[in-house]
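Each chain is listed here by its residues.
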Amino acid sequence: MTQDPFTDLKQRQREMWASFAPTATFTTPTAAHLVRFARIQPGETVLDVATGTGVVAITAARAGAKVCALDLTPELLDVARDNAAIAGLEEIGWTEGDAEQLPYPDASFDVVLSQFGHMFAPRPGVTVAEMRRVLKPGGRVAFATWPPEHLVGQMFILIGRHSPPLPAGASPPPQWGNPAIVAERLGAHFGEATFERGTKVFPALSPQHYRVSMERGVGPVQKLMDGLAADPAKLASLRAEFDSLITPCFRDNLVHEEYLLTRAQAR
């Protein structure tokens, strides 16, 4: 097997997302929306790609599916196992793995899911092809992503502007929130995509409290801020940019984060 040209990037991702577990708690309502949107049925075989702390995998298992899940970050999988044990769902299969190299045989699953996860794999074409490979004929994919025009997508665009460029051949994560781009990426392997939008709310006492939560629990934000610790002026300027994005989305002690759901059936 040839060397993965994105090994270093993936190692950095594996490490930077290790602190995400507390923030993942706030994605549990979105997980229920995704599982419902995906039309998960009892007895179906389901793969959750980039499962994080397992919120989608556990939600699908509670709906009666037979679930496997994988993630790059072992610390998150440890939390996922604990979450599954609390829910009495210890039969879920947890694997440390890569969305671009899914360690499952062809045609293994009825449904492949991902919530705000596969979008960080560097090569969309490789990721889509892998999702299709492990799906049974007529199976379906469903995922949640952040649109580039809304808060979280804008935050990742801001991070990208202040970070070293991605390696050649990698695509920015917010592109996965653009329906036209998503439809094009799925087109070779899947039928016409169905889209639906939703809003996740994050409780916070102020826009600044929300930003601090992101600094402590969202790896790319944390890494960027930590990298500017020795330059207080630049750090203050960047924090002001974040706050200016957050403020219009802050109402009644809630930050409103709009997301996109996509569902498509394998050709």
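Summarised in this report is the structure supplied together with it.

Rules of the game
- Residues numbered from 1 in each chain as written.
- Predicted model: local features only at pLDDT ≥ 70, side-chain atom pairs only at ≥ 80, totals over all residues.
- Heavy atoms only, no water.
- Helix = DSSP H or I, 4+ residues; strand = E, 2+ residues; numbered from the N terminus.
- Buried < 20%, exposed > 50% of the residue type's maximum accessible area, 1.4 Å probe, protein only.
- Contact = heavy atoms within 4.5 Å.
- Pairing = 2+ DSSP bridges.
- Phe/Tyr/Trp six-rings, centres within 6.5 Å; stacked < 30°, edge-to-face > 60°.
- Lys NZ or Arg CZ within 6 Å of the ring centre and 35° of its normal.
- Axes fitted to C-alpha atoms, helices over the stretch in contact; angles between N-to-C directions.
- Parallel < 35°, antiparallel > 145°, perpendicular 65-115°, else oblique.
- Left-handed = near helix turned anticlockwise from the far one by under 90°.
- Nonpolar A, V, L, I, M, F, W, Y, C, P; charged D, E, K, R; others polar.
- Salt bridge = Lys/Arg side-chain N within 4 Å of Asp/Glu carboxyl O.
- Core = buried A, V, L, I, M, F, W, Y, C linked by side-chain atoms within 4.5 Å.
- Polar contact = N/O pair within 3.5 Å; in protein donor to acceptor, adjacent residues only side chain to side chain.

Some remarks on the side chain of aspartate 98
Part 1 of the argument: Note on placement: aspartate 98 falls in the loop between strand E3 (93-96) and strand E4 (109-115).
Part 2 of the argument: On the basis of relative accessibility, which here comes to 11%, the residue aspartate 98 falls in the buried class.
Part 3 of the argument: Other than its neighbours up to four places away in sequence, aspartate 98 contacts Asp4, Lys10, Leu70 and Leu72.

Quick notes on the pairing of strand E8 (residues 254-265)
Part 1 of the argument: When you tally the buried positions in E8, you get 9 out of 12 residues, the bulk of the element.
Part 2 of the argument: In this structure, strand E5 (residues 135-145) lies alongside E8, joined through 6 bridges in antiparallel fashion. If you follow alanine 144 over to E8, its bridge partner there is leucine 261.
Part 3 of the argument: Two strands pair when backbone bridges link them, and strand E6 (residues 194-203) and E8 are joined in this way by 10 bridges, in the antiparallel orientation. Each residue of the ladder has a partner; that of glutamate 196, found in E8, is leucine 261.
Part 4 of the argument: Connecting strand E7 (residues 250-251) to the antiparallel partner E8 that follows it, the hairpin turn spans 2 residues, and aspartate 252 within it adopts a positive phi of roughly 55 degrees.

A closer look at the packing of aromatic side chains
Part 1 of the argument: A complete count under the given rule lists 9 aromatic pairs for this structure.
Part 2 of the argument: The interplanar angle of 75 degrees and the centroid separation of 6.2 Å between the aromatic rings of phenylalanine 116 and tyrosine 259 together place this pair among those described as edge-to-face. With phenylalanine 116 in the loop between E4 and helix H6 (124-134) and tyrosine 259 in strand E8, this pair connects stretches of sequence that are 143 residues apart.
Part 3 of the argument: Relative accessible area serves as the criterion here: at 4%, tyrosine 259 is assigned to the buried category.
Part 4 of the argument: Members of the aromatic cluster, joined through ring pairs, are Trp17, Phe20, Phe120 and Phe156.
Part 5 of the argument: Lying over the aromatic face of tryptophan 176, arginine 185 brings its terminal NZ or CZ to 4.8 Å of the ring centre.
Part 6 of the argument: When the ring centre of phenylalanine 37 is taken as origin, the NZ or CZ atom of arginine 263, which lies over that ring, is 4.6 Å away.

Things to note about the packing of helix H10 (residues 219-227) against helix H11 (residues 232-246)
Two numbers describe a pair of packed helices, the interaxial angle and the distance between the axes.
Part 1 of the argument: For the pair H10 and H11, interaxial distance at closest approach is 9 Å and the crossing angle is 150 degrees. Our classification of the angle between H10 and H11 gives roughly antiparallel. As for the relative orientation of H10 and H11, their crossing is left-handed in sense. Residues Val221, Leu224 and Met225 of H10 form the contact with H11, whose participating residues are Leu235, Leu238, Arg239 and Phe242.
Part 2 of the argument: Along the lines of polarity and charge, the residues of the contact of H10 with H11 split into 6 nonpolar, no polar and 1 charged.

Things to note about unusual backbone geometry
Glycine aside, a negative phi is what most residues show, and trans is what most peptide bonds show.
Part 1 of the argument: Phi at phenylalanine 116 takes a positive value of approximately 55 degrees, unusual for a residue other than glycine.
Part 2 of the argument: Phi angles above zero are rare outside glycine, and asparagine 253 is one such case at about 65 degrees.
Part 3 of the argument: With respect to the secondary-structure elements, asparagine 253 resides in the loop between E7 and E8.

Digging into the pattern of salt bridges
Part 1 of the argument: Applying the stated criterion across every chain, the model contains 17 salt bridges.
Part 2 of the argument: For aspartate 4, the salt bridge identified is with arginine 123, shortest N-O distance 3.5 Å. On the criterion of sequence distance, the pair formed by aspartate 4 in the segment before helix H1 (7-16) and arginine 123 in the loop between E4 and H6 is long-range, its members being 119 residues apart.
Part 3 of the argument: Its salt-bridge partner being glutamate 100, residue lysine 10 comes within 2.7 Å of it at the nearest N-O pair. In this pair, lysine 10 is assigned in helix H1 and glutamate 100 in the loop between E3 and E4, connecting sequence segments 90 residues apart. For the pair lysine 10 and glutamate 100, a shared accessibility class is recorded, and that class is buried.
Part 4 of the argument: Through salt bridges that share partners, Asp4, Lys10, Asp98, Glu100 and Arg123 make up one connected network.

A word on the environment of proline 165
Part 1 of the argument: Secondary-structure assignment places proline 165 in the loop between helix H7 (151-161) and helix H8 (179-186).
Part 2 of the argument: Accessibility expressed as a relative area gives 74% for proline 165, which makes it exposed.
Part 3 of the argument: Along the primary structure proline 165 and methionine 16 are separated by 149 residues, whereas in three dimensions their C-alpha atoms are 17 Å apart.

Some remarks on the nonpolar core
Part 1 of the argument: Core analysis: the biggest nonpolar cluster contains 80 residues, and Leu47, Trp94, Leu113, Tyr210 and Phe242 have the highest contact counts within it.
Part 2 of the argument: If sequence neighbours within four positions are ignored, leucine 113 has contacts with Val35, Ala38, Ile40, Val46, Leu47, Asp48, Val49, Val56, Ala60 and Ala142.

So, the side chain of threonine 145
Part 1 of the argument: Structurally, threonine 145 can be placed in strand E5.
Part 2 of the argument: Classification of threonine 145 as buried rests on a relative accessible area of 0%.
Part 3 of the argument: Among the polar contacts listed, one links the side chain of threonine 145 to the backbone oxygen of tryptophan 176, at a separation of 2.8 Å.
Part 4 of the argument: When neighbours within four sequence positions are excluded, threonine 145 is seen to be in contact with Phe116, His118, Met119, Trp176, Gly177, Tyr259 and Leu260.

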